[in-house]
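An overview of the molecular structure
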Amino acid sequence: MIPVARRKKENFSGASPGQKHKSALIKRVLCNPAHPNNRVIMHHKFGISLPDVHKRSTNVVKHNGIITGPAVSLQTFEPKSLHYPPVPDKDTGTVLDTSLVCMSIRNKASLHPTEDTSSSRISTKPRCHKQLKKMLKWETEPGSICERIDRECTPLWTTKTPPPSTTSKSKDHWGIMQSTNGLIPESPQTLPVQLPVIISKYPFTIRKGWINPTATDFCHFKQSFSWCWSSVLDTLEALEKLLRDFAVPVAKVTGERLVEFALSWDGGYKKAPSVTSLISVLENQDEVLGLVKHPGQRFKGEGGIEAAAIHIQSCCRRYLARSAYLRHYRLKWAARTITVSWLMHTQMRHVREALQARRSRQLENHRSRAQHLAANWKHIQSSKRTIIHIPSLGYSQSQRLNLRGFEILQNIQISRLCDIKDKNVEVIYVCPQHLGEDILHYYTSLLKCDEETDRRFVILTPEAVDYFPTHNMCLSTLLKYSSPPKRIGNLIQGKQAYVVGGVAHVDDLAVADELGVPVLAPEPAIALLYSTKSAGRRIFIGAEVDVPPGQGDIYSINQLNEALAELMTQNMHVQRWLFKMDSEHGGRGTAYCDICHLSCYNWALQEYQHYGPELWKAKWIQEPVLHRYLDEIPEWLTHNARPAKTSCYPNWACFLKTFLRQGGVVEAYPPSDSITCLTVDLLLEPGGQVTMLSCGDQLQGSCQLKALGSTVPQTSVHPENLLSVCMRVGEACLQRLIVGYISVDLATFLNHNTMEQKVWAVDLDLSYSDQLAMTQMLLMITGGTLNFHTGCLEVPIQIRKKCCEHQIAAKPPVINCYAVIGSRLFHSNLSMLYHSVFFKMCNVYGLRYSMKRKQGTVFALYDLTERCSIGMITVSRDLQGALVTFAQNLTIIHQEISTSKMQGETNFKELIKDIEAVLKMTAQNKRLVENNSAA
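Residues numbered from 1 in each chain as written. Predicted model: local features only at pLDDT ≥ 70, side-chain atom pairs only at ≥ 80, totals over all residues. Heavy atoms only, no water.

Description of the overall build of the protein
Condition: Secondary structure elements are defined from DSSP: runs of H or I of at least 4 residues count as helices, runs of E of at least 2 residues count as strands, and each element is numbered from the N terminus. Relative accessibility decides the category of a residue: with a 1.4 Å probe and only protein chains considered, values under 20% of the type maximum give buried, values over 50% give exposed, and everything between is partly exposed. Two residues qualify as a contact provided that any one of their heavy atoms is within 4.5 Å of a heavy atom in the partner residue. Using a 1.4 Å probe, accessible areas were evaluated by the Shrake-Rupley method; residue-level cover was limited to the displayed protein chains.
In terms of regular secondary structure, the protein is built from 31 helices and 24 strands. Burial analysis of the protein (935 residues in total) assigns 44% to the buried set. Contacts in the protein between residues at least 24 apart in sequence constitute 70% of all its contacts with a sequence separation of at least 6. Carbon and sulfur atoms provide 55% of the accessible area of the protein, an area that totals close to 51,700 Å².

Regarding the pattern of salt bridges
Short version of the rule: A carboxyl oxygen of Asp or Glu within 4 Å of a side-chain nitrogen of Lys or Arg is what we treat as a salt bridge.
Per the stated rule, a full pass over the model turns up 19 salt bridges. Note that D507 is salt-bridged to K480, the shortest N-O span being 3.4 Å. Of this pair, D507 sits in helix α20 (residues 506–515) while K480 sits in helix α18 (residues 475–480), placing them 27 residues apart in sequence. Looking at D507, the relative accessible area reads 7%, which means it is buried. With a shortest N-O distance of 2.7 Å, R576 and D594 are connected by a salt bridge. A residue pair is termed long-range when its members are at least 10 positions apart, and R576 in strand β10 (residues 576–581) and D594 in strand β11 (residues 590–594) qualify at 18 residues. On the basis of relative accessibility, which here comes to 18%, the residue D594 falls in the buried class.

Here's the deal with unusual backbone geometry
Across the junction of V712 and P713, the peptide omega takes the value -5°, indicating a cis bond. Positionally, P713 belongs in the loop between β16 (707–712) and α27 (719–735). At A247, a residue that is not glycine, the phi angle is positive and equals roughly 55°. With respect to the element layout, A247 can be found in the loop between α7 (229–245) and β4 (250–254). A247 gets classed as partly exposed once you look at its relative accessible area, which sits at 31%. Of note in the backbone geometry, K854 takes a positive phi value of approximately 60° without being a glycine. With respect to the element layout, K854 can be found in the loop between β22 (849–850) and β23 (855–861).

Details of the packing of aromatic side chains
The cut-off we apply is this: Each Phe, Tyr or Trp ring (for Trp, its six-membered ring) is paired with any other whose centre lies within 6.5 Å, and the angle between the two planes then decides the class: stacked below 30 degrees, edge-to-face above 60, tilted in between.
According to the stated counting rule, one finds 22 aromatic pairs in the structure shown. Where Y649 meets F655, the ring centres are 5.7 Å apart and the plane angle is 90°; that geometry is what we call edge-to-face. Comparing Y649 with F655, the two get one shared label, buried. Taking the centre distance of 5.9 Å and the plane angle of 20° together, the rings of F655 and F659 count as stacked. With a gap of 4 residues between them, F655 and F659 both fall in helix α26 (residues 652–662), about one helical turn apart.

With respect to a nonpolar patch on the surface
Heads up, the rule is: Here the term patch refers to residues with relative accessible area over 30% and no salt bridge, with like charges joined within 9 Å and nonpolar side chains (Val, Leu, Ile, Met, Phe, Trp, Tyr) within 5 Å.
Taken together, Y325, Y329 and W333 make up a surface patch of nonpolar side chains, about 370 Å² in accessible area. Structurally, Y329 is set in helix α11 (residues 304–375).

Points about the sheet that holds β11
Basically, it comes down to this: Strands qualify as paired when DSSP identifies two bridges or more between them. In this description, a line fitted to the C-alpha atoms serves as the axis of each element, helices being fitted only across the stretch in contact, and the angle between N-to-C directions of two axes falls anywhere from 0 to 180 degrees.
One open sheet holds the 5 strands; their spatial order is β9-β13-β10-β11-β12, and the pairing between them is antiparallel. The sheet is open, and its two edges are formed by β9 (550–554) and β12 (642–643), each paired on a single side. In this sheet, strand β13 (residues 664–668) lies alongside β10 in antiparallel orientation, the contact comprising 5 bridges. Note on β13: the bridge partner recorded for K580 is V665. Across the sheet, helix α22 (residues 533–542) touches β9, β10 and β13, and the angle it forms with β9 is around 135°. The sheet strands contacting helix α25 (residues 619–640) are β10, β11 and β12, and the helix crosses β11 at an angle near 115°.

Focus on the sheet that holds strand β6 (residues 425–430)
Strands sit in the order β7-β6-β5-β8 across an open sheet of 4 strands; the sheet is parallel. Strand pairing shows two members of the sheet lacking a second neighbour, β7 (457–460) and β8 (497–500), which therefore form its edges. In this sheet, neighbouring strand axes are inclined to one another by 20° on average, regardless of whether the strands run parallel or antiparallel. Where strand β5 (residues 385–389) and β6 come together, 5 bridges link them in parallel fashion. In the strand pairing of β6, I388 is matched with I428.

Section: the nonpolar core
Selection rule: Residues belong to a common nonpolar core when they are buried Ala, Val, Leu, Ile, Met, Phe, Trp, Tyr or Cys residues joined through side-chain atoms within 4.5 Å.
The biggest cluster of nonpolar side chains holds 115 residues, and the ones touching the most others in it are Y443, V680, I738, L746, M777, F859 and I893. Residues contacting L746, with those up to four places away along its chain left out, are T676, C677, L678, V680, L722, V725, V759, W760, A761 and V762. Ranked by size, the runner-up nonpolar core spans 34 residues in total, among them A563, F579, V625 and Y629.

Considering α7
Filter applied, for reference: Multiply 1.5 Å by the residue count of a helix minus one, and that product is the helix's expected span.
A rise of 1.5 Å per residue sets the reference length of α7, with its 17 residues, at 24 Å; its end C-alpha atoms lie 24 Å apart and thus fit the reference within 8%. Among the 17 residues that make up α7, 12 are buried, leaving the element largely enclosed by the rest of the structure. A positive phi of about 55° marks A247, the residue just after α7.

Things to note about the confidence of the model for the protein
Note the cut-off: pLDDT: the predictor's confidence for each residue, scored from 0 to 100.
Overall, the prediction assigns the protein a mean pLDDT of 80, with 79% of residues at 70 or greater. Taken element by element, the predicted model of the protein shows its lowest mean pLDDT in strand β1 (residues 146–147) (34) and its highest in β8 (95). Low pLDDT, under 50, characterises residues 1–13; the stretch is placed with 10 contacts to residues that sit more than four places away or in other chains. Low confidence marks residues 54–197, where pLDDT is under 50. Its contacts with residues over four positions away, or in another chain, come to 168 contacts.

Remarks on helix α15 (residues 437–446)
Put simply, the rule reads: Read the arc as the range of directions from the helix axis to the C-beta atoms.
Within α15, burial applies to I439, Y442, Y443 and L446. Within α15, the buried residues cover an arc of 90° as seen down the axis, which keeps them to one side. Turned more than 90 degrees from where α15 packs its buried face, E437 and H441 sit exposed. Positive backbone phi, approximately 55°, marks K448, located one or two places after α15.

Things to note about the pairing of strand β3 (residues 203–207)
Along β3, the buried face is formed by F204 and I206; none of P203, T205 and R207, which line the opposite face, is buried. Strand direction decides the pairing type here: β3 and β4, joined by 5 bridges, are antiparallel. For P203, the partnering residue across the bridge sits in β4 and is T254.

A word on the side chain of S743
Looking at the secondary structure, you find S743 in strand β17 (residues 740–751). Those residues in contact with S743 that sit more than four places away from it in its chain are T679, V680, D681, D763, L764, D765, S767 and S769.

Some details on the packing of helix α23 (residues 557–570) against α25
How we decide: Should an angle fall under 35 degrees it is called roughly parallel, over 145 degrees roughly antiparallel, and 65 to 115 degrees roughly perpendicular, with every other angle called oblique. It is the rotation of the near helix from the far one that decides the hand of a crossing: anticlockwise by less than a right angle makes it left-handed, clockwise makes it right-handed. Note that Gly is not counted as nonpolar here; it falls among the polar residues with everything else outside the nonpolar set of Ala, Val, Leu, Ile, Met, Phe, Trp, Tyr, Cys and Pro and the charged set of Asp, Glu, Lys and Arg.
Two numbers describe how α23 lies on α25: the axes approach to 8 Å, and their chain directions differ by 130°. What the angle tells us is that α23 and α25 run oblique. Relative to α25, α23 is oriented so that their crossing is right-handed. Between α23 and α25, the contacting residues are L560, N561, E562, L564, A565, E566, M568, T569 and Q570 on the first element and K619, Q622, V625, L626, Y629, L630, I633, P634, W636 and L637 on the second. Of the residues assigned to the contact of α23 with α25, the class counts are 12 nonpolar, 4 polar and 3 charged.

Encoded structure:
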């Protein structure tokens, strides 16, 4: 068992007033060395016998002049108990060691402790100088060296000593040379003197921490420094204790270093010297220091067991205290974390509740205003009104961040300004970016603005566009945190107005609620529910419209494989299958896979031909093929499925991961070599009527899954059949509380088995489309109208001859025109041209529009900074002329802005190839018609 070592507690009892007064008097006496009771109190309190400095020594003679001749030994006054006779010098002509004299005088001053150690040190130096001036005063001969007596005794004294002889050279003279810290030449001619190697004259040995008082070396050291033995004794005791504590077997002490350290130690009674300082007085200090620093050496010396017990107990107590502290700190940190988390949770809950209450209030206001809009829709359409166009793309944040040039995409529908073709309409267009003077001047001249027309449209840009340049925030959100709503409120004050947005977002209701106007759009929750591919498919099925074979709401790989195997078994004639994500748009979330790469397809096709179409409908016949498909479909998809846009999803694995997370649709691609896709724009009026606004055949790229443009009006489906399909889709949407602008994508092809035209509904977008915006510009520049019953674009022409008075009221004659629209034409080299230079280049090649002939080319500009995207419309009397003009324009622009080494990134080439294919098909159809008519 290790004994428990406990430190004794000191008893601090309160002193009486008398004792306090007595202590104060004693302290003042101790601080005054000149007081007659100072020596008595020092001896009584501390056991120190101080010399009487007031008595003059008989051996010391005061001389004011210069003393010459042999040096006189000085007698110092020491306590009787510590006084030893000085060791006589061998040579009477030896010069006294002045450094030791200085240290002795300084030691006498240090024997009187005071309250302030700094004041004691300051007062010691002048006394030391005064005693030395009284005791010694020599003059040196010319050319001798001035010695620095001590670091603290800074003044230099010159001494005149007799020239040393070769036979009698005192060792004390070399001691003086050794004790000096440096030499200062008296004149520039004085040469530096090389000091000899210091060899201790007073070494002694300490064995096992004890000094042998009878040892010759120690006795010699003690007699030599008897004048300062009181200071040396304290240092020796500290050194002995250190050596005993660390069990140092042998320590060799250098006497001179010990005396110098003892006299320079100012700690005295207040603090013990450091271990390094004590060891520095030893000759074998490296050996002793290594032994002292050895781990566990302290516990081998004197009191080692007690020290070890104290150390173990202190470590244990420290560990327990540290553990308790850490446990308390963790609990405190946990309590603080819980408190902060609870406060944050409470604050977030309050904010969430406030937002929910605000959005509920905005939704209720939207519903009440929508009811008012539905009740007064006919009156509003026939009277003056203000349309606030906010072309916001309210996609999810992940989709917005992945879109390149998001602010340009939101500004593609700047052609909404052309709604002012109706004289009762005023347009407030909220632009997602700052437009330059060139673009504003272009649209002003395009809209044929006079003073009256100029006041009927306003273009505003939210201030938050500058605050969030890289966040890809939708336009409604930017408008919500900007000041333009106040300006819009001033512009529509006292007028009938409503908001036409883009892709629905909850901030649409916030902006409309702040303006106090209705929104011509479904509620954001309804729009989000029915804007997916699966929901659009359900609407088409509910409208009893033909849809491609497929299945929606797929969220797992097993469901995908089973659905695809069943669909492939039931539709053996389908050569390509499409995979569409629910939440993507514009062909971004579409992939395809051709069935010709499936190894068992030929065998399955033989089985189908063996049983025939009628017997093949039986499930038991399809079962072998179904199981074979289930085994091979995973590997078939892994190696042969391709995303339509590799820039968004580079491979099938990335596409499949997002597809299963968002959900999607699997459906068949039309089984024909000649497929035409068309887009129809509808207005679902709040009053319950469906109006067709635009229709056009799509111009697609190389993958045949993304529309780059369209031809207006469409010529691929009979107008009555198309109108019937659109009306049914519109009524199905109205039953689901969908109002506003929608666009329906259809695919038409010829069924080779029945030789009948098939029309499939393939996609539904609940937003204002780019085609509709460009159609508004087309109708603005031509002054025509779309007749959906006949499928013609009727454009009035001017009559050259003057009409009679009775013919003034007659309608001008109209002609049928065709137009090609491209809303997303992209070429990276367009950024090298300013808009003014671009239009000059177009004028040189005749790329302009003729208002008289109602033919030509019109451009749409979107941005001022990048200038890589444009829109273009070509109008001609026939479809073939419009297509040729459009392709020629793209070729001219590409050749002018590109070189053989810098082709740039563009979609011009894909569009030109598709136009060439359409032209070939048009020529074949014309020849067929001519042959049929001739027959």
